[in-house]
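Close look at the chain arrangement
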Amino acid sequence: MTQTSESVTWLTQAAYDQLKAELDYLSGPARTEIAMKIAAAREEGDLRENGGYHAAKEEQGKQELRVRQLTQLLENAKVGTAPASEGVVAPGTLVTIAFDGDEDDTLEFLLASREYASSDFETYSPQSPLGAGVNGKKVGDDAQYELPNGKKATVRILAVKPFNG
C-alpha cells in the first residue's frame with residue numbers, strides 16, 4: 001500500500017480485504033455489542049458515577065473514529081500496484097538511509113500508511129518526522145528531520161525501490 005497524494009491510497013488486494021473486513025465488523029456486530037454494553041450500564045442507575053457506562057461510551061467513541069478513518073481510507077483507495085518511483089522516495093517505497101552519512105549505520109524501512117505495516121520491514125508513515133523528511137528525496141540526497149528532543153538529524157538516501165509486498 002502506498003499513497004501517491006493526500007487523497008489516493010494504494011492498497012494490495014489483501015490489505016484492502018483486511019481493512020474492509022474490519023470496517024464491516026466495526027460498523028455491524030461491534031456497534032451492536034457496544035450498544036448492548038451501554039444499555040446494560042444504564043440499567044445500573046446513576047450515570048455520573050458509573051464506570052462501566054463511561055468506559056463503554058469511550059470505547060464507542062474510539063470505534064466510531066476508526067469507522068470514519070476506515071471509510072475515508074477505503075473511499076480513496078486504489079487496489080493494485082503503485083506507480084514506479086524511479087529512484088524518488090515516495091509512499092510505497094523501501095528506503096535505505098545512512099544516519100549522518102555513516103554508511104555503517106543504516107536503516108531500511110517501508111514508507112507507507114500505518115494501515116499497512118509490514119512484518120518484514122519497519123514502517124514509517126509519510127506524516128512521521130522521518131517520513132516527511134525523506135519523502136520526495138532522491139538517492140544521494142541528504143534529508144533532515146526533527147528528533148523528539150527538538151534537535152535535527154541528517155540522513156542520506158542510499159537506495160529507493162518499490163515495495164512489492
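Up top you'll find the structure we're talking about.
The model shown is predicted, which means the values in this text are computed figures rather than measured ones.

The next point concerns the overall build of the protein chain. Assigned secondary structure in the protein chain consists of 4 helices and 8 strands. Reading the secondary structure of the protein chain in the N-to-C direction produces β-β-α-α-α-β-β-β-β-α-β-β. Contacts in the protein chain between residues at least 24 apart in sequence constitute 51% of all its contacts with a sequence separation of at least 6. When the accessible surface of the protein chain is totalled, it reaches about 9,700 Å², and 48% of it is carbon and sulfur.

Residues Asp100, Asp102, Glu103, Asp104 and Asp105 make up a contiguous surface patch of negative charge. Note on placement: aspartate 105 falls in the loop between β4 (93–99) and β5 (106–111).

Where β4 and strand β8 (residues 152–162) come together, 7 bridges link them in antiparallel fashion. For isoleucine 97, the partnering residue across the bridge sits in β8 and is isoleucine 157. In terms of strand pairing, strand β7 (residues 142–146) meets β8 through 5 bridges, oriented antiparallel. If you follow aspartate 142 over to β8, its bridge partner there is arginine 156. The antiparallel hairpin formed by β7 and β8 contains 5 residues in its connecting segment, where glycine 150 sits at a positive phi of about 95 degrees.

Let us look at the side chain of glutamine 63. Here glutamine 63 is to be found in helix α3 (residues 51–75). Overall, the relative accessible area of 13% leaves glutamine 63 in the buried class. Here glutamine 63 is in contact with Leu26, Ala30, Arg31 and Ile34, once residues within four sequence places are set aside.

Another point: the packing of helix α1 (residues 13–27) against helix α2 (residues 29–42). Packing of α1 against α2 leaves a shortest axis separation of 3 Å and a crossing angle of 30 degrees. Viewed along their axes, α1 and α2 adopt a mutual orientation that is roughly parallel. On α2, the residues that touch Asp24, Tyr25, Leu26 and Ser27 of α1 are Pro29, Ala30, Arg31 and Glu33. By residue class, the composition of the contact of α1 with α2 is 4 nonpolar, 1 polar and 3 charged.

Thresholds, definitions, all that
- Residues numbered from 1 in each chain as written.
- Predicted model: local features only at pLDDT ≥ 70, side-chain atom pairs only at ≥ 80, totals over all residues.
- Heavy atoms only, no water.
- Helix = DSSP H or I, 4+ residues; strand = E, 2+ residues; numbered from the N terminus.
- Contact = heavy atoms within 4.5 Å.
- Areas by Shrake-Rupley, 256 points an atom, 1.4 Å probe, with all protein chains shown as cover.
- Patch = residues over 30% accessible without salt bridge, like charges linked within 9 Å, V, L, I, M, F, W, Y side chains within 5 Å.
- Salt bridge = Lys/Arg side-chain N within 4 Å of Asp/Glu carboxyl O.
- Lys, Arg positive; Asp, Glu negative; His and termini not counted.
- Charge placed at Lys NZ, Arg CZ, Asp CG, Glu CD.
- Pairing = 2+ DSSP bridges.
- Buried < 20%, exposed > 50% of the residue type's maximum accessible area, 1.4 Å probe, protein only.
- Axes fitted to C-alpha atoms, helices over the stretch in contact; angles between N-to-C directions.
- Parallel < 35°, antiparallel > 145°, perpendicular 65-115°, else oblique.
- Nonpolar A, V, L, I, M, F, W, Y, C, P; charged D, E, K, R; others polar.

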